[in-house]
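Residues per chain are reported as follows:
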Amino acid sequence: MATISVQDAPSTVTILKQTPQLLSLMTIIRDVRTQRGDFVFYSNRIIRLLVEEGLNHLPVEECVVSTPTDLSYAGLKFQGKICGVSIMRAGESMEQGLRDCCRSVRIGKILIQRDDETAEAKLYYAKLPEDIASRYVLLLDPMLATGGSAIMAVDVLISKGVPEERILFLNLISSPEGIDAFAARFPKLKVVTGFIDQGLNDKKFVIPGLGDFGDRYYCL
Ligand code: PRP
């Protein structure tokens, strides 16, 4: 089983600071006894932390504003336009967290599903903002297992003209295998993850993981 410690993670990968708060939230959503209402609520809290951290990785430029005290304040502002792209279905759970931080952000959707038997990703549908090539893209999917779905989604974005270095992939839990496959394929693409788990089981589920995120968030 592969393992990646915080220190060994590729330089493009940021793992959220493992605070007592984050660890407590992760414990709740990993617990098989947690019911859907709590799963949704506590996942949303982690998603918010991921979005907040992700925004720290977007480029900013200096700017000066005047304050009501008639003085100048030398500050910062985001440099470019952004959009979100969720990998359906589970990735849609992360859209509200992004909207809570970036009001009226444009959001594209890519429907990719893993085959239940082979775990191979299959692309069904993509609808993206027309000017996506000129935006920074926050790619949203809670789980990175084999990496097949996320790699396919990035291939779609690149085919639409988005440079790899303008994509930021946000996810709650990664496998070492997924992190390695993703970094090997896209060495300039930044990833922000909540944690890198132990590995994959024979069904290609992340372990210890939390099971099927989409089922737990939407169905169970
Ligand atoms: C899950 C998850 C990721 C993908 C990760 O989605 O949300 O999209 O699997 O696995 P991978 O890294 O091996 O590709 P799934 O296809 O089960 O669909 P869902 O979003 O409907 O649950």
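Just so it is clear, the structure is predicted and the values come from calculations on it, not from any experiment.

Below, the discussion takes up the overall build of the chain. For the chain, the helix and strand inventory stands at six helices and 12 strands. The principal-axis extents of the C-alpha atoms in the chain amount to approximately 65 × 40 × 35 Å. Burial statistics for the chain: of 220 residues in total, 45% are counted as buried. Of the contacts formed within the chain by residues at least 6 apart in sequence, a portion of 65% connects residues at least 24 apart. Put simply, the chain shows about 11600 Å² of open surface, and 51% of that area lies on carbon and sulfur atoms. The averaged location of the 27 negative side-chain charges in the chain is 4 Å from the averaged location of its 25 positive side-chain charges.

Before going further, it helps to spend a moment on the layout of surface pockets. Of the voids in this model, the largest pocket is the one considered here, and its volume is about 690 Å³. Forming the boundary of the largest pocket are 31 residues, of which Arg114, Met143, Ser149, Phe205 and Asp212 lie nearest the centre. Going through the elements one at a time, β4 (82-88), β5 (106-114), β8 (143-144), α4 (148-159) and α6 (213-218) are the ones with two or more residues in the lining of the largest pocket. Considered class by class, the residues forming the lining of the largest pocket number 12 nonpolar, nine polar and 10 charged.

What surrounds the ligand is a group of 15 residues, the closest being Arg114, Asp141, Thr146, Gly147 and Ser149. One of the side-chain N or O atoms of Gln113 is found 3.0 Å from an oxygen atom in the ligand. Here an oxygen atom of the ligand sits 3.4 Å away from a polar atom, N or O, in the side chain of Asp212. Protein coverage of the free-state accessible area of the ligand, which is 500 Å², stands at 92%. One can see that the ligand is located within the largest pocket. Of all the secondary-structure elements, those providing two or more residues to the shell around the ligand are β5, β8 and α4.

Moving on, we come to the packing of aromatic side chains. Under the counting rule described, the total for this entry stands at six aromatic pairs. Their ring planes at 85° and their centres at 4.9 Å tell us that Phe41 and Tyr42 sit as a pair that is edge-to-face. Taken together, the aromatic side chains of Phe39, Phe213, Tyr217 and Tyr218 make up a single cluster linked through ring pairs. Stacked on the ring of Phe205, the Lys or Arg Arg114 has its end atom at 5.5 Å from the ring centre.

On to the pairing of strand β2 (residues 60-66). Across seven bridges, β2 lies against strand β3 (residues 72-78) in antiparallel orientation. Within β3, the residue paired with Val65 across the bridge is Tyr73. Joining the antiparallel neighbours β2 and β3 is a turn of five residues, in which Asp70 adopts a positive phi near 65°.

Attention now moves to the environment of Ser134. Relative to the helices and strands, Ser134 is located in the loop between β6 (121-127) and β7 (136-140). For Ser134, a relative accessible area of 40% corresponds to the partly exposed category. Along the backbone, Ser134 and Ser66 are 68 residues apart, and their C-alpha atoms lie at a distance of 30 Å. Non-local contacts of Ser134, meaning those with residues more than four positions away in its chain, are made with Lys81 and Arg166.

Our focus in this paragraph is the pattern of salt bridges. Tallied over the entire structure, the rule returns 12 salt bridges. When the shortest N-O distance is used, the salt bridge between Lys77 and Glu61 registers 3.9 Å. Residue Lys77 is located in strand β3, and its partner Glu61 is located in strand β2; the two are separated by 16 residues in the primary sequence. Using a relative accessible area of 31% as the deciding quantity, one classes Glu61 as partly exposed. Within this structure, Glu92, Glu95, Arg99 and Lys109 form a network of salt bridges that share partners.

Compared with the 28 Å implied by 1.5 Å per residue over 20 residues, the 28 Å span of helix α2 (residues 36-55) between its first and last C-alpha is a close match. Restricting attention to buried positions, one finds in α2 the residues Phe39, Val40, Ser43, Ile46, Ile47, Leu50, Val51, Gly54 and Leu55.

Below, the discussion takes up the environment of Val156. For Val156, the location among the structural elements is in helix α4. As a C-alpha pair, Val156 and Gln96 span 60 residues in sequence and 23 Å in three-dimensional space. If near-sequence neighbours (up to four positions away) are discounted, Val156 is found in contact with Ile110, Leu123, Ala126 and Leu128.

Analysis parameters
Residues numbered from 1 in each chain as written. Predicted model: local features only at pLDDT ≥ 70, side-chain atom pairs only at ≥ 80, totals over all residues. Heavy atoms only, no water. Helix = DSSP H or I, 4+ residues; strand = E, 2+ residues; numbered from the N terminus. Buried < 20%, exposed > 50% of the residue type's maximum accessible area, 1.4 Å probe, protein only. Contact = heavy atoms within 4.5 Å. Areas by Shrake-Rupley, 256 points an atom, 1.4 Å probe, with all protein chains shown as cover. Lys, Arg positive; Asp, Glu negative; His and termini not counted. Charge placed at Lys NZ, Arg CZ, Asp CG, Glu CD. 1 Å grid on protein atoms, 1.4 Å probe; cavity = no way out; pocket = protein on both sides within 12 Å on 5 of 7 lines; lining within 4 Å. Points joined across faces, edges and corners; volume = space filled by probe spheres on them. Nonpolar A, V, L, I, M, F, W, Y, C, P; charged D, E, K, R; others polar. Near = heavy atom within 4 Å. Polar contact = N/O pair within 3.5 Å; in protein donor to acceptor, adjacent residues only side chain to side chain. Sits in = over half its atoms within 2 Å of the grid points. Phe/Tyr/Trp six-rings, centres within 6.5 Å; stacked < 30°, edge-to-face > 60°. Lys NZ or Arg CZ within 6 Å of the ring centre and 35° of its normal. Pairing = 2+ DSSP bridges. Salt bridge = Lys/Arg side-chain N within 4 Å of Asp/Glu carboxyl O. Expected span 1.5 Å × (residues − 1).

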